[in-house]
Amino acid sequence: MVAFKVNDGERGGWSVLLVSGELDLVTSPVLRQRVHDVVADGHHSLVVDLSEVLFCDSSGVGVLIAARRLIRSCQGNLRLILPAHGAVDGSHVNRVLGALGVRRLFDVYPDVMVATEEAPEEEADPLSA
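Residues numbered from 1 in each chain as written. Predicted model: local features only at pLDDT ≥ 70, side-chain atom pairs only at ≥ 80, totals over all residues. Heavy atoms only, no water.

**Q** Explain helix H3 (residues 92–99) here, please?
**A** In an α-helix, one full turn covers 3.6 residues, which means residues spaced three or four apart are oriented alike. Within the sequence span of H3, burial applies to His92, Val93, Val96 and Leu97. Buried residues along H3 cover an arc of 130° about the axis, so they all sit on one side. In the segment just after H3, Gly101 is the residue with positive phi, at about 75°. (Buried < 20%, exposed > 50% of the residue type's maximum accessible area, 1.4 Å probe, protein only. Helix = DSSP H or I, 4+ residues; strand = E, 2+ residues; numbered from the N terminus. Arc of directions from axis to C-beta.)

Structure representation (structure tokens):
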């Protein structure tokens, strides 16, 4: 069994959640709660780093869509980190989002450094699928 973790931090005015392990029916409520905690603390610019997620099912995708909706309702910004490739095939979540037809809903960046270069109120051009 792969351990699921959500670590948090900040970078350049952005709250950052680093997710690792398997994002599924059992673990997705943990991520949902962490996103709600970030917003409840008054942070509306959020980066969710999914580069260490090994597996994502539809419940994980549902949490990402709900996070997008919540952040947008606060006039905030949500950015996802989905590297094209990596040691653990970091493109898994990207492929799942694409297969479900929801990839276009998200601003996707290759890493946290790039995603947080601009201030939260500025919108950069995200990577295209």
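Structure shown, so let's carry the discussion forward.
**Q** Would you explain the sheet that holds strand E3 (residues 45–56) in this entry?
**A** Note on sheets: strands pair through backbone hydrogen bonds, and any given pair is parallel or antiparallel. Pairing is mixed across the open sheet formed by five strands, whose spatial order is E1-E2-E3-E4-E5. Every other strand in the sheet has two partners, leaving strand E1 (5–11) and strand E5 (107–109) as the edge strands with one partner each. Here the average twist between neighbouring strands, direction ignored, is 25°. One ladder, built from seven bridges, connects E1 with strand E2 (residues 14–23); its direction is antiparallel. When the bridges of E2 are listed, Asp8 appears paired with Leu17. Where helix H2 (residues 58–73) meets the sheet, it contacts E2, E3 and strand E4 (77–81), and its direction lies at approximately 150° from that of E4. The strands that H3 touches are E3 and E4; relative to E3, the one it contacts most, it runs at about 95°. (Pairing = 2+ DSSP bridges. Axes fitted to C-alpha atoms, helices over the stretch in contact; angles between N-to-C directions. Contact = heavy atoms within 4.5 Å.)

**Q** Any chance you could explain the side chain of Ser59 here in plain terms?
**A** Within the element layout of this structure, Ser59 appears in helix H2. A polar contact of 3.4 Å, which involves the side chain of Ser59, links it to the backbone oxygen of Asp24. One polar contact links Ser59 to Asp57, side chain to side chain, over a distance of 2.5 Å. (Polar contact = N/O pair within 3.5 Å; in protein donor to acceptor, adjacent residues only side chain to side chain.)

**Q** I tried to follow the packing of helix H1 (residues 28–40) against H2 on my own but got confused; where do I start?
**A** Helix packing geometry: the angle between the two helix axes and the distance between the axes. As a packed pair, H1 and H2 sit with axes 9 Å apart at the nearest point and diverge in direction by 10°. Judged by the angle between their axes, H1 and H2 are roughly parallel. Here H1 contributes Ser28, Leu31, Arg32, Val35, His36 and Val39 to the contact with H2, which in turn contributes Ser59, Gly60, Val63, Leu64, Ala66, Ala67, Leu70 and Ile71. A class-by-class count of the residues in the contact of H1 with H2 yields nine nonpolar, four polar and one charged. (Parallel < 35°, antiparallel > 145°, perpendicular 65-115°, else oblique. Nonpolar A, V, L, I, M, F, W, Y, C, P; charged D, E, K, R; others polar.)

**Q** Would you mind going over a nonpolar patch on the surface with me for this structure?
**A** Taken together, the side chains of Val2, Leu54 and Phe55 make up a nonpolar region of the molecular surface, amounting to roughly 220 Å² of accessible area. Secondary-structure assignment places Val2 in the segment before E1. (Patch = residues over 30% accessible without salt bridge, like charges linked within 9 Å, V, L, I, M, F, W, Y side chains within 5 Å. Areas by Shrake-Rupley, 256 points an atom, 1.4 Å probe, with all protein chains shown as cover. Salt bridge = Lys/Arg side-chain N within 4 Å of Asp/Glu carboxyl O.)

**Q** Would you take a moment to explain H2 for this structure?
**A** Under the 1.5 Å per step criterion, the end-to-end length of H2 is 22 Å for 16 residues, consistent within 8% with the ideal 22 Å. On its buried face, H2 sits against E2, H1, E3, E4 and H3. A positive phi of about 55° marks Gln75, the residue just after H2. (Expected span 1.5 Å × (residues − 1).)

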